[in-house]
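# Survey of secondary and tertiary structure
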Amino acid sequence: MSETADRERNEEVTMDEIVALCKRRGFIFPSSEIYGGLGSTYDYGHYGVLLKQNVKGEWWRAMLQERDDIVALDSAILQHPRVWEASGHLAGFTDPLIDCKSCKLRFRADHLEDASCGHKPSKRPGEGPDCELTEARRFNLMFETHVGPVQDDASVAYLRPETAQGIFINFKNVLQFARRKPPFGIAQIGKSFRNEITTGNFIFRTREFEQMEMEYFVPPGEAARFYEEWIGLRLDWYTALGLRPGFLRVRPHDADELSHYSSGTSDIEYLFPIGWSELEGIANRGDFDLRQHAEYSGEKLEYFDQQSGERYVPHVVEPAAGADRATLAFLVDAYDTEEVEGRQRTVLRLHPRLAPIKVAVLPLVSKEGMPEKAREVFESLRHRVWAEYDEGGSIGKRYRRQDEIGTPWGVTVDGQTMEDDTVTLRDRDSLEQIRVPIAGLAEELAERLERPWQSPKR
Ligand code: GAP
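Since the structure is predicted, the reported quantities are computational estimates derived from the model, not experimental observations.

Now for the sheet that holds strand E6 (residues 137-140). Spatially, three strands are ordered E5-E4-E6 in an open sheet, and the strand pairing comes out antiparallel. If you trace the sheet from one side to the other, it starts and ends with strand E5 (106-108) and E6, each paired once. Neighbour to neighbour, the strand axes of the sheet diverge by 50 degrees on average, direction disregarded. As judged from the four bridges shared by strand E4 (residues 94-99) and E6, these two strands associate in the antiparallel manner. Looking at E6, one finds that Leu97 is bridged to Arg137.

This paragraph deals with the state of the cysteines. What we call a disulfide is simply a covalent bond connecting the sulfur atoms of a pair of cysteines. One pass over the full model with this rule turns up zero disulfides. Free cysteine Cys117: the closest other cysteine sulfur is in Cys131, separated by 3.9 Å. Residue Cys117 is classed as buried on the basis of its relative accessible area, which comes to 5%.

Moving on, we come to the nonpolar core. Of all hydrophobic cores here, the largest spans 59 residues; its most connected members are Phe27, Trp230, Tyr238, Tyr270, Leu279, Leu328 and Phe330. Sorting elements by how many residues they give to this core places helix H9 (residues 323-334) first, with eight residues. Not counting the four nearest positions on each side in its chain, Leu279 is found in contact with Tyr238, Leu243, Leu248, Ile268, Glu269, Tyr270, Phe272, Ala321, Gly322, Arg325, Ala326 and Ala329. Judged by nonpolar contacts, the second largest core, of 21 residues, contains Val361, Leu425, Val436 and Leu445.

A cis geometry characterises the amide bond from Pro182 onward to Pro183, with omega recorded as 0 degrees. Looking at the element boundaries, Pro183 is found in the loop between helix H6 (171-178) and strand E9 (184-193). The phi dihedral of Ser40 falls on the positive side, at around 55 degrees, and the residue is not glycine. By the secondary structure assignment, Ser40 is in the loop between strand E1 (28-30) and strand E2 (42-44). Phi is positive for Glu341, close to 45 degrees, though the residue is something other than glycine. Considering the arrangement of structural elements, one finds Glu341 in the loop between strand E17 (335-340) and strand E18 (343-348).

Looking now at helix H8 (residues 288-297). Listing the buried residues of H8 in full gives Asp289, Leu290, Gln292 and His293. The buried residues of H8 all sit within an arc of 165 degrees when viewed along its axis, so they share a single face. Considering only its buried residues, H8 is in contact with helix H3 (81-87), helix H5 (164-168), H6, strand E10 (208-218) and strand E13 (275-286). Directly beyond the C-terminal end of H8, a positive phi value near 85 degrees is found at Gly298.

If you check the shell around the ligand, you find 21 residues, and the closest are Glu162, Glu196, Thr206, Glu213 and Glu278. Between a nitrogen atom of the ligand and a side-chain N or O atom of Glu162, the distance comes to 2.6 Å. Contact with the protein chains covers 90% of the free accessible surface of the ligand, which is 550 Å². Mapped by element, the contributors of at least two residues to the shell around the ligand are E10, E13 and strand E16 (315-322). Tallying contributions element by element places E13 first for the shell around the ligand, with five residues. Of the residues in the shell around the ligand, the class split is seven nonpolar, four polar and 10 charged.

Now for the packing of aromatic side chains. Within this structure, the stated rule accounts for 17 aromatic pairs. Aromatic pair Tyr216 and Phe226: ring centres 5.3 Å apart, planes at 70 degrees, arrangement edge-to-face. Placement of the pair is Tyr216 in strand E10 and Phe226 in helix H7 (residues 223-240), with a sequence separation of 10 residues. Just as Tyr216 is buried, Phe226 falls in that class too. Ring centres of Trp237 and Tyr238 lie 4.9 Å apart, and the angle between their planes is 85 degrees; on these two criteria the pair is classed as edge-to-face. Of the two residues, Trp237 and Tyr238, both sit in the buried class. Members of the aromatic cluster, connected to one another through ring pairs, are Phe168, Phe171, Phe184 and Phe217. The ring of Phe247 carries Arg244 above its face, with NZ or CZ at 3.8 Å from the centroid.

On the surface, a cluster of nonpolar side chains totalling about 230 Å² of accessible area is made up of Ile77, Leu78 and Val147. Note on placement: Ile77 falls in the loop between strand E3 (70-73) and H3.

Glancing now at the pattern of salt bridges. Oppositely charged side chains are able to pair whenever their charged atoms sit close together. Applying the stated criterion across every chain yields a total of 51 salt bridges. Glu210 is the salt-bridge partner of Lys56, the closest N and O atoms lying 2.9 Å from each other. With Lys56 in helix H2 (residues 46-65) and Glu210 in strand E10, this residue pair connects regions lying 154 residues apart in the sequence. Per residue, the accessibility class of Lys56 equals that of Glu210, and both read buried.

It is worth spelling out the packing of H2 against H7 at this point. For any two helices packed against each other, one specifies the crossing angle of their axes together with the interaxial distance. Contact geometry for H2 and H7: axes closest at 11 Å, N-to-C directions at 140 degrees. Compared by their axis directions, H2 and H7 come out oblique. Helix-helix and strand crossings are classified by hand; for H2 and H7 the assignment is right-handed. Residue-level inspection shows Val55, Glu58, Trp59, Ala62 and Met63 of H2 in contact with H7, the latter providing Trp230, Arg234 and Trp237. Its residues assigned to classes, the contact of H2 with H7 comprises six nonpolar, no polar and two charged.

Strand order in this open sheet of seven strands is E3-E9-E10-E16-E13-E12-E11, and the pairing throughout is mixed. Because the sheet does not close on itself, it has two edges, and the strands there are E3 and strand E11 (248-252). Each adjacent strand pair in this sheet contributes to an overall mean axis angle of 25 degrees, direction not counted. Bridge analysis of E10 against E16 gives six bridges, and the strand direction is antiparallel. Following the sheet pairing, Phe217 is matched in E16 by Val316.

Reading the values: rules and limits
Residues numbered from 1 in each chain as written. Predicted model: local features only at pLDDT ≥ 70, side-chain atom pairs only at ≥ 80, totals over all residues. Heavy atoms only, no water. Pairing = 2+ DSSP bridges. Helix = DSSP H or I, 4+ residues; strand = E, 2+ residues; numbered from the N terminus. Axes fitted to C-alpha atoms, helices over the stretch in contact; angles between N-to-C directions. Disulfide = S-S within 2.5 Å. Buried < 20%, exposed > 50% of the residue type's maximum accessible area, 1.4 Å probe, protein only. Core = buried A, V, L, I, M, F, W, Y, C linked by side-chain atoms within 4.5 Å. Contact = heavy atoms within 4.5 Å. Arc of directions from axis to C-beta. Near = heavy atom within 4 Å. Polar contact = N/O pair within 3.5 Å; in protein donor to acceptor, adjacent residues only side chain to side chain. Areas by Shrake-Rupley, 256 points an atom, 1.4 Å probe, with all protein chains shown as cover. Nonpolar A, V, L, I, M, F, W, Y, C, P; charged D, E, K, R; others polar. Phe/Tyr/Trp six-rings, centres within 6.5 Å; stacked < 30°, edge-to-face > 60°. Lys NZ or Arg CZ within 6 Å of the ring centre and 35° of its normal. Patch = residues over 30% accessible without salt bridge, like charges linked within 9 Å, V, L, I, M, F, W, Y side chains within 5 Å. Salt bridge = Lys/Arg side-chain N within 4 Å of Asp/Glu carboxyl O. Parallel < 35°, antiparallel > 145°, perpendicular 65-115°, else oblique. Left-handed = near helix turned anticlockwise from the far one by under 90°.

Given below as structure tokens:
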């Protein structure tokens, strides 16, 4: 076990530095900023969209492209309200909350030690002279809305708080069309909504977020084995994409932490600047969900094995990840600063497959035909890899900008290019520069993108 496991938080970078970089380089902005912001909602800018898209793309690749036992689904965010009765969310998806009648703030009863009272000087809720705390009340985290023109009890609907239920209610459809037998999985990426009370910490916990969930349906006797297998597979996914193993750990839930449906859950945790925190949960959900939906809908949700004549309700192993939280972990793990030739540079050492832009094409100077030549090189590359052309400002400034958005390779068109059709290829991490013929550039980059990659921060 690495010595990192003994640390309480990631001290290489602060959350403020990540927030500042994301704003400065157009990854992520506070939502509704011109109106003063709306608590815990964020908008993704150009590079943020591309980075998160790559995170989701790698998840799809691992779930679908590299396996043949999992199929995709994109279910509706609005579902029949009975779904949430059956799943237990209506009754049980609650946090215990305490109000302060004096400062009018609301706190999670189980997180009081981390909260601050609204009056100055700030103390813990209940510790100030004016604090007037109520008893704890259960508060449902689902956002309620109405479907159709009439706003009454019959039209109530909820924004889904997890993507998983959309999978369970489609079990029968998928079983019929996909002609799969357990073990098989259904994977989905999509937005979920929770009226979280304890927020903050940037995109770690927001009220609107994207989940990447897969429900793996297995014969009942094999659930324990697949639960262990998926913990390993999911851990490998993060390390293959560059997260340093010493900054990851698996934490099995104690019995009193388990959700109502779970007979075993383990969190994959990352050492964020806020400390060890959940990145993804892997749960052994048993047959709870299919049985509940069968009971509430009246449909049979089971598998009949024609060969053995056996009929059973499959058990479910669920790896449930957050696309935004994974994006944050990749950003934190990649953030680095170093001094190069007397100047400080900030660099995102992202896995090349996650980097928003793979290659920047830069003319050394904006004259002597170099911009035109560089534009030509860029046009020849952009159909093969995500590329960016940049001719504004000094070459050093352009490199620093690309370093900050994590572009792994820079191609510079210089005087020699005009003579022999070669360019310099600069590596973001080692800063090594080699000369490469333009003719072989696309193949060279494609080959580099396929190579295994490890963070040089190890
Ligand atoms: N279907 C099981 C489920 O939803 P969860 O642990 O509540 O389990 C799974 O959520 C993942 O979704 C978490 O590990 C986290 O990455 C992400 N997630 C949950 N709530 C979130 C929030 N408020 N903001 C950002 N990501 C969140």
